[in-house]
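# Commentary on secondary and tertiary structure
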Amino acid sequence: MEAQIHEEFMRMAIELSEYNIKQRQGGPFGAVIVKDGVLVAKSANKVIAQNDPTAHAEISAIRLACSELGTYDLTGCAIYTSCEPCPMCLGAIYWARINKIYYANTKADAATAGFDDHLIYKEMECAMENRKLQFVQMLRDEALPAFKLWGTV
């Protein structure tokens, strides 16, 4: 694809982020998913509108794209996002197998605007026993059979 086409999709993501603020639907984030140069799905951040902390623009767009394509595997797709993905969205992008991320604002820009994920990045580097959120493992022996069953299906 030519640079102009990439810019059009990025502008679409940026417009979604601005529209979202003007409509008071959620944070200043927008995402567009494209496959073979064709728009598959787009979404703005829906955290406030849906009272759902996981309804970030990227995750909302991934959900729509999967529904549109009838698959959980978005191999061959690219995502255009108005901001560098947060840790949750980055994980979802990897899980969805999206091949390329185009982004506009950086995580530092997001932090300056009040969307600071520094704690999450820092916590991910800590051993579980040193994290602020308490982790308690239990009933592993009872849970393991589900993984064994998965391997037989």
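Residues numbered from 1 in each chain as written. Predicted model: local features only at pLDDT ≥ 70, side-chain atom pairs only at ≥ 80, totals over all residues. Heavy atoms only, no water.

Counted by the stated rule, this structure contains 2 salt bridges. Between Arg11 and Glu7 there is a salt bridge, with its nearest N and O atoms 3.7 Å apart. Here Glu7 and Arg11 lie together in helix H1 (residues 3–22), a separation of 4 residues that amounts to about one turn. Judged by relative accessible area, Arg11 falls into the partly exposed class, the value being 47%. Exposure remark for Glu7: the relative accessible area of 42% places this residue in the partly exposed category. A salt bridge links Arg63 to Asp52; the shortest N-O distance between them is 3.9 Å. Of this pair, Arg63 sits in helix H3 (residues 57–69) while Asp52 sits in the loop between helix H2 (47–50) and H3, and the two are 11 residues apart along the sequence. (Salt bridge = Lys/Arg side-chain N within 4 Å of Asp/Glu carboxyl O. Helix = DSSP H or I, 4+ residues; strand = E, 2+ residues; numbered from the N terminus. Buried < 20%, exposed > 50% of the residue type's maximum accessible area, 1.4 Å probe, protein only.)

Another aspect to go through is the environment of Asn51. Following the sequence through the fold, Asn51 ends up in the loop between H2 and H3. Take Asn51: its relative accessible area is 71%, and that puts it in the exposed class.

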